[in-house]
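Spelled out, the chains give:
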Amino acid sequence: MILEKINDVRDLRKLPIGELEKLAHEVREYILEVISKNGGHLASSLGVVELTIALHYVFNTPRDMIIWDVGHQCYAHKILTGRREAFRSIRQYGGISGFPKSHESEFDAFDTGHSSTSLSLACGAAVGRDLTRKKHKVIAVIGDGSLTGGMAFEAINQIGQMETDLIIILNDNEHSINENVGAMSKYLTRIITGSMYNRIRRKSMDLIKGIPRFGSALFNFIYRFFESFKKMIIPGQLFEDMGVRYFGPVDGHDISLLIGILERVKQINYGPKIIHILTKKGKGYLPAEMNPARFHGIGPFDRATGITGGGAVLSYSEIAGKTLAHLATRDKTIIAITAAMKLGTGLYEFENKSPERFFDVGIAEQHAITFAGALTKSGLKPFVSIYSTFLQRAVDQLIHDVGIMNLPIRLLIDRAGAVGQDGETHHGLFDIAIIKNIPNFMLLAPSTGEELRDMICFAAGHEHGPVAIRYPRGGVNPAGFRFDTHRPFTPGKIKRLTAGRNLAIFTFGDMVPIARQVRTLLLKRGISTSIINMLTIKPLDIRGIERVLKNVKCAITLENGVVAGGAGEYLLLSIRPELRRKILFCAGFPDRFVPHGSNEQLLRKFGIDAESLAQRLLSLMK
Ligand SMILES: Cc1ncc(C[n+]2csc(CCOP(=O)(O)OP(=O)(O)O)c2C)c(N)n1
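Keep in mind that this is a model prediction, so the values were computed, not measured.

Whenever I open this one, the overall build of the chain confuses me. Can you help?
Each helix and strand counted, the chain has 26 helices and 19 strands in total. In terms of overall dimensions, the chain is globule-like: its C-alpha atoms have a radius of gyration of 27 Å, near the 25 Å expected for 622 residues. Projecting the C-alpha coordinates of the chain onto the three principal axes gives extents of approximately 105 × 55 × 50 Å. Expressed as a percentage of its 622 residues, the buried residues of the chain come to 50%. Taking the contacts inside the chain whose residues are at least 6 apart along the sequence as the reference set, 78% of them involve residues at least 24 apart.

Pasting the structure below:
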């Protein structure tokens, strides 16, 4: 085993080039062994094993900086940079993160998790280096999917006019999570096709030049013929025109080729350069190569078959997607929009049934919101489905392009609340604090699959302003669930789930089951609890809430989101002052970034699991 001897990158650099392919194989096997148990971003990481080895082989990391875009492909990087054994704990509570973390290792230049930041980070790192007269290389690795994000274009716009030494590796596997979309993706495909064309051209030129008498004349004729197509086929001309020197395309699985080109580009100490490499997502593991989208981010699976465990669950994403697909067959004004997450947000069925009204806009959350806002002006009903964490990108668009004009877009906020193993960069803890502070927005939060379905049906008919529905990761028992029917939903009305005179818990979404557990624990100590399912976070049912408060001794609020600026605080400030003292505390996540771990572990860590809440309540109620 070579990998056993690689304790850090210095050991790697001692290996002869001839052994690196074997090392790549061992790294892949190790990634598969661990991720099949822990779950994680498998396909992307398998695709860049050779690239990772070549980068650390050629560059003097950590002095030279590698900046991984998104960072989900960093597994080989972690294994080779002193975290080989720690890798077994990846994504587990207390273990290493699934994304680059600067506090974890000096090899992780920046913390990442969201897409399209690498070029801005690299630009800042390179300019910072120059201004402080340091000498090291800065290398950004960005995927073709991440290149669809607006930030990447903004950065290239600056980078292209600078003389700063900067290397961009464009890792082109023709996939975002699903097949990549958009004009840039088409352009990259043309480069690949064009490069084959160029190879043919070079070969034919050599052949013609070899013909003794007519060679030269024929050569000139054919050269002119090919030249007339030049603009179409010169690889990377767009980047060159933007001021970035282009190299490639190069086979990203050929380690010695990669090392060769990296060595050459490393010598050029001037200006921005882009190396376009071609890789296969999921490389080396057939099920992932065949279905890279499924293995993009996956839970534990059986390595032999690629099959994931777990019982049948109907996810909230599926409920949202199927409900929408069903509604759209009857209402031809319904539009579905995703920002590169059609699998995660459950929009497959919609795409199949109503392809002309389905839009994957790429990793472009800001554009998705403004695009949707404009669609409403044509009397259409756009539903934008975005994970809570990625919606953070589009705050100004929500305010400026939707809220101010009161445009009736429908927001499906998926993965709201803590999301477990992906950690800080991915928890959806801020959406309530953001959305509820934007005038004109209505914010709903279902606690069951049926409530989600009913709210979506309500939103489809609501034309008076923007509606946002936030729902958690996870799902419900599919038995008996129906998409072909729904109950009317009235916003701004609380629902009392249990009656009790000692305590009221105002809650919503996936904290309702926690409230039920608290109730059971308190009941053993003779305390009766009213559980109130708020359903609507904004506008609040003030009268209903005050009526409940008048009839209980005390109350708490409980939410899966940050307390500061959250639903509980909003409730507290909205009720009459004399009732406020009845609220003992607002429970939720504190003013800190929440690490990775299972949601149960995270709730316990922050004192919002049932046992901790019951204990806190018991001591306060004494
Ligand atoms: C702002 C933002 N939106 C969505 C995502 C979810 N996401 C993670 S990786 C990914 C695809 C990235 O594609 P690419 O850069 O080509 O990398 P690959 O996985 O193909 O290696 C997406 C959409 C994200 N991380 N950040």
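Next comes the rest of the account.
Sorry if this is basic, but what is going on with the site of the ligand here?
Residues in close proximity to the ligand total 25 residues, the closest being Ser 44, Ser 115, Gly 143, Gly 145 and Ser 146. Residue composition of the shell around the ligand, grouped by class: seven nonpolar, 13 polar and five charged. Here the shell around the ligand spans two domains, and each of domain 1 (3–179 + 239–290) and domain 2 (316–476) adds at least three residues to it.

What exactly am I supposed to notice about unusual backbone geometry here?
Most peptide bonds take the trans form, and the phi angle of most residues other than glycine is negative. Residue Pro 62 is bonded to the preceding Thr 61 through a cis peptide linkage, with omega at 5°. Relative to the assigned elements, Pro 62 resides in the loop between helix 4 (49–58) and strand 1 (65–68). Between Lys 538 and the following residue, Pro 539, the backbone shows a cis peptide bond with an omega angle of 0°. The topology assignment puts Pro 539 in the loop between strand 17 (536–538) and helix 22 (542–550). Positive phi, normally seen in glycine, also occurs at Arg 91, with a value near 70°.

In this structure, what is going on with the sheet that holds strand 18 (residues 554–562)? I would like to understand it.
What links the strands of a sheet is backbone hydrogen bonding, and the strands pair in either a parallel or an antiparallel sense. Ordered in space as 14-16-15-18-19, the five strands form an open sheet in which the pairing is mixed. The sheet is open, and its two edges are formed by strand 14 (495–498) and strand 19 (583–589), each paired on a single side. Between one strand axis and the next, the sheet turns by 25° as a mean value, whatever way the strands run. Examined bridge by bridge, strand 14 and strand 16 (residues 529–533) share three bridges and lie antiparallel to one another. Looking at strand 16, one finds that Arg 496 is bridged to Ile 532. Against the sheet, helix 22 contacts strand 14, strand 15 (503–507), strand 16 and strand 18, and its axis sits at roughly 155° relative to strand 15.

Just checking my understanding: could you explain the sheet that holds strand 8 (residues 358–360) for this structure?
The seven strands are arranged 8-7-9-10-12-11-17 in an open sheet whose pairing can be described as mixed. Lying at the two open borders of the sheet, with one neighbouring strand each, are strand 8 and strand 17. The sheet shows a mean angle of 20° between the axes of neighbouring strands, direction not considered. The sheet strands contacting helix 14 (residues 316–330) are strand 7 (334–338), strand 9 (381–387) and strand 10 (410–414), and the helix crosses strand 7 at an angle near 145°.

Is there a simple way to explain the environment of Lys 553 in this structure?
Here Lys 553 lies in the loop between helix 22 and strand 18. Taking the C-alpha atoms as reference points, Lys 553 and Gly 500, 53 residues apart in sequence, are found 9.8 Å from one another. Apart from residues no more than four positions distant in its own chain, Lys 553 is found in contact with Asn 502 and Leu 503.

Got a minute to help me understand helix 12 (residues 255–267) in this structure?
An α-helical turn contains 3.6 residues, so a residue and the one three or four places further along point in the same direction. Here helix 12 is 13 residues long and its end C-alpha atoms lie 19 Å apart, about the 18 Å a rise of 1.5 Å per residue gives. Among the residues making up helix 12, those that are buried are Ile 255, Leu 258 and Leu 262. The buried residues of helix 12 occupy an angular sector of 60° when projected down its axis, which confines them to one face. In this structure, the buried side of helix 12 is in contact with helix 2 (20–38), helix 4 and strand 4 (245–251).

Where do I start with the environment of Gly 526 in this structure?
Along the chain, Gly 526 turns up in the loop between helix 21 (512–523) and strand 16. Between the alpha carbons of Gly 526 and Asn 502 there is a distance of 9.3 Å; along the sequence they are 24 residues apart.

I would appreciate a short explanation of the domain arrangement of the chain in the present structure.
Think of interface size as the accessible area that goes away when the parts come together; that is how it is often given. As far as domains go, the chain holds domain 1 (3–179 + 239–290), domain 2 (316–476) and domain 3 (495–621). On a C-alpha basis, the centres of domain 1 and domain 3 stand 44 Å from each other. Contacts between the two partners involve four residues from domain 1 and, on the opposite side, four residues from domain 3. Residue classes in the side of domain 1 that touches domain 3 are distributed as one nonpolar, two polar and one charged.

I'm lost on the pairing of strand 5 (residues 272–278) in this one. Help?
Burial of strand 5 is extensive: seven of the seven residues sit out of reach of the surface. Here strand 5 shows a buried face lined by Pro 272, Ile 274, His 276 and Leu 278 and a second buried face lined by Lys 273, Ile 275 and Ile 277. Relative to strand 5, strand 4 runs parallel, the two sharing five bridges. Bridging across to strand 5, Arg 245 finds its partner in Lys 273. Assessed by its sense of winding, the connection that carries the chain from strand 4 through helix 12 to strand 5 is right-handed.

Would you mind going over the nonpolar core with me for this structure?
Soluble, globular proteins show a tendency: their nonpolar side chains are buried together. Counting 99 residues, the largest nonpolar core has Leu 324, Ile 337, Ala 368, Val 384, Ile 469 and Ile 505 as the members making the most contacts within it. Per element, the largest residue contribution to this core is seven residues, and it comes from helix 14. The residues touching Leu 324, leaving out its near neighbours within four places in the chain, are Ile 334, Ala 336, Phe 350, Phe 383 and Ile 456. In terms of nonpolar packing, the next biggest core, distinct from the first, is built from 70 residues, Leu 23, Cys 74, Ala 122 and Ile 255 among them.

How should I be thinking about the packing of helix 21 against helix 26 (residues 610–621) in this particular structure?
Axis angle and axis distance: for two packed helices, these are the angle between their axes and the distance between the axes, and together they describe the pair. Across the interface, helix 21 lies against helix 26 with an axial gap of 9 Å and an inter-helix angle of 50°. In terms of orientation, helix 21 and helix 26 fall into the oblique class. With respect to the hand of their crossing, helix 21 and helix 26 are arranged in right-handed fashion. Of helix 26, the residues touching helix 21 (which contributes Ile 514, Gln 517, Val 518, Leu 521 and Leu 522) are Ala 610, Leu 613, Ala 614 and Leu 617.

How should the packing of helix 2 against helix 4 be read in this particular structure?
Interhelical geometry of helix 2 versus helix 4 gives an angle of 125° and a closest axis separation of 9 Å. In terms of axis orientation, helix 2 runs oblique to helix 4. Between helix 2 and helix 4 the crossing geometry is right-handed. Here Leu 20, Leu 23, Ala 24, Val 27 and Arg 28 of helix 2 come into contact with helix 4, specifically with Val 49, Glu 50, Ile 53 and Tyr 57. Tallied by class, residues from the contact of helix 2 with helix 4 come to seven nonpolar, no polar and two charged.

Looking at this model, I keep getting lost on the environment of Ile 413. Mind explaining?
Looking at the element boundaries, Ile 413 is found in strand 10. You can call Ile 413 buried: it has 27 C-beta atoms within 10 Å. Separated by 175 residues in the primary sequence, Ile 413 and Leu 238 place their C-alpha atoms 36 Å from one another. Not counting residues up to four positions away in its chain, the partners in contact with Ile 413 are Ile 386, Ser 388, Leu 391, Asp 431, Ala 468, Ile 469 and Arg 470.

Rules and cut-offs
- Residues numbered from 1 in each chain as written.
- Predicted model: local features only at pLDDT ≥ 70, side-chain atom pairs only at ≥ 80, totals over all residues.
- Helix = DSSP H or I, 4+ residues; strand = E, 2+ residues; numbered from the N terminus.
- Rg over C-alpha atoms; globule rule 2.2 N^0.38 Å.
- Buried ≥ 20, exposed ≤ 12 C-beta atoms within 10 Å, placed from the backbone.
- Contact = placed C-beta atoms within 7 Å.
- Near = placed C-beta within 6 Å.
- Nonpolar A, V, L, I, M, F, W, Y, C, P; charged D, E, K, R; others polar.
- Domains from an automatic or database assignment.
- Pairing = 2+ DSSP bridges.
- Axes fitted to C-alpha atoms, helices over the stretch in contact; angles between N-to-C directions.
- Expected span 1.5 Å × (residues − 1).
- Arc of directions from axis to C-beta.
- Right-handed = clockwise from strand over helix to strand, strands pointing away.
- Core = buried A, V, L, I, M, F, W, Y, C linked by C-beta atoms within 7 Å.
- Parallel < 35°, antiparallel > 145°, perpendicular 65-115°, else oblique.
- Left-handed = near helix turned anticlockwise from the far one by under 90°.

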